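Analysis of the macromolecular model
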Amino acid sequence: MEGPPNRAIVNRLALPYPIRVRPYPRGRPTPLEEDRVHDTARARVPEQGRKVLRHSVRGQVLDALRAALIEGELAPGEIYSGPALGERFGVSATPVREAMQQLALEGAVECLPNRGFRVVSRTPGELAELAEVRALLEVPVMLRLARTVPAAAWAELRPAAVATAEAAAAGDLPGYAEADRAFHRQVLALAGNDQLVQVAEELHRRAQWPLPGAPRVRRADLVADAAEHAALLEALAARDLPVIETLVREHFAGSTTA
């Protein structure tokens, strides 16, 4: 199941030290031994300091794994082990396992005891169900916001729409996925409901994972998808409710990155 190191995944992880797959020198702890050392050291670190020290590497590993999922570099159905991925990243297995456990909570992978983590495979039907649920959640909210939010507030969201267009033009699929979620997050935040934003964010992230064997999303499709954000802002400012509903439903149903 495990192939040679994937340099595209390794090089994306911007750690403050060189990233390279390297053999462990004689006398140096293995990843599993390092985990035990880290567990002992963490017990001596105050809780607040521990979060700062641990979050940086874990967060960067999580970002790298999420980007690899978006681009299909972590393939649906394949099994990956924490120590093997840690060796590819040039880190111990601990932050990789922590990141993978977060992805398991998000539904991106499933834990296999004594084996590792399997990337979840989805079907077109499941993707269509996600689009339907997102529309049921977000369409009524956006229609209500269109009736109550002044046009000036929508103008303030233009930079978020521009960010999606720039990522799309660059063909940056992980960057577009992040900018896309940020745009929708800022729109929904105007409703003043944090629980709504969190649920919508989780559904949105799930909708961005590619189907097994799906070709990479074309740049032209990303550009077209991003253009719908600017059109949505115009419709929201104009309080054009039929156009808003049509744009949102088609946006969700027509793209795996929306």
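Just so you know, these numbers come straight off a predicted model, no measurement behind them.

1. Section: the environment of His-204
Tracing the backbone shows His-204 in helix H10 (residues 194-207). We classify His-204 as buried; its relative accessible area is 2%. Remark: the alpha-carbon pair of His-204 and His-184, spanning 20 residues in sequence, is separated by 8.8 Å.

2. A look at the packing of helix H6 (residues 124-148) against helix H12 (residues 241-253)
Taken N-terminus to C-terminus, the directions of H6 and H12 make an angle of 155 degrees; their axes are 9 Å apart at the nearest point. As far as their axial angle goes, H12 and H6 are roughly antiparallel. As H6 packs across H12, the resulting crossing turns out to be right-handed. Between H6 and H12, the contacting residues are Ala-131, Arg-134, Ala-135, Glu-138, Val-139, Met-142, Leu-143, Ala-146 and Arg-147 on the first element and Leu-241, Ile-244, Glu-245, Val-248, Arg-249, Phe-252 and Ala-253 on the second. Of the residues assigned to the contact of H6 with H12, the class counts are eleven nonpolar, no polar and five charged.

3. Here's the deal with the packing of aromatic side chains
Scanning the entire structure with this criterion turns up zero aromatic pairs. Between the NZ or CZ atom of Arg-134 and the centre of the ring of Phe-252, over which it lies, the distance is 3.9 Å.

4. Things to note about the pattern of salt bridges
All chains considered together, the criterion is met by 13 salt bridges. Put simply, Glu-201 and Arg-205 hold a salt bridge, and the shortest N to O gap is 3.5 Å. Of this pair, Glu-201 and Arg-205 both sit in helix H10, separated by four residues, roughly a single helical turn. In this structure Arg-205 comes out as buried when scored by relative accessible area, which is 12%. A salt bridge links Glu-245 to Arg-249; the nearest nitrogen and oxygen atoms lie 3.1 Å apart. With Glu-245 and Arg-249 both in helix H12 and four residues apart, this pair spans about one turn of that helix. Judged by its relative accessible area of 38%, Arg-249 is partly exposed.

Rules behind the numbers
Throughout this document, residue positions are counted from 1 along each chain, in the order its sequence is written. Totals for whole chains, interfaces and linings use all residues, but because this is a predicted model, local features are given only for residues with pLDDT of at least 70 and pairs of side-chain atoms are given and counted only at 80 or more. Remark: hydrogens and water are excluded; side-chain values derive from all non-hydrogen atoms of the structure. Numbering goes from the N terminus for both helices and strands, where a helix is a DSSP run of H or I of at least four residues and a strand is a run of E of at least two. Buried means the residue's accessible area, taken with a 1.4 Å probe over protein chains only, is under 20% of the maximum for its type, while exposed means over 50%, and partly exposed covers the values in between. Fitting a line to C-alpha atoms yields each axis, with helices limited to the stretch in contact; the angle taken between N-to-C directions then spans 0 to 180 degrees. Geometric relationships in this document are graded by angle, where less than 35 degrees denotes roughly parallel, more than 145 denotes roughly antiparallel, 65 to 115 denotes roughly perpendicular, and other angles denote oblique. Crossing handedness is defined as follows: a turn of the near helix away from the far one that is anticlockwise and smaller than a right angle gives a left-handed crossing, while the clockwise case is right-handed. Whether two residues are in contact is decided by their heavy atoms: any pair within 4.5 Å suffices. Asp, Glu, Lys and Arg are counted as charged, while Ala, Val, Leu, Ile, Met, Phe, Trp, Tyr, Cys and Pro are counted as nonpolar; the rest, among them Gly, fall into the polar class. Two rings from Phe, Tyr or Trp (for Trp, the six-membered ring) form a pair when their centres sit within 6.5 Å of each other. Planes less than 30 degrees apart are called stacked, planes more than 60 degrees apart edge-to-face, and all others tilted. Lysine and arginine charges are scored as sitting over a ring when NZ or CZ, respectively, is within 6 Å of the ring centre and within 35 degrees of the ring normal. A side-chain nitrogen of Lys or Arg and a carboxyl oxygen of Asp or Glu constitute a salt bridge if their distance falls within 4 Å.

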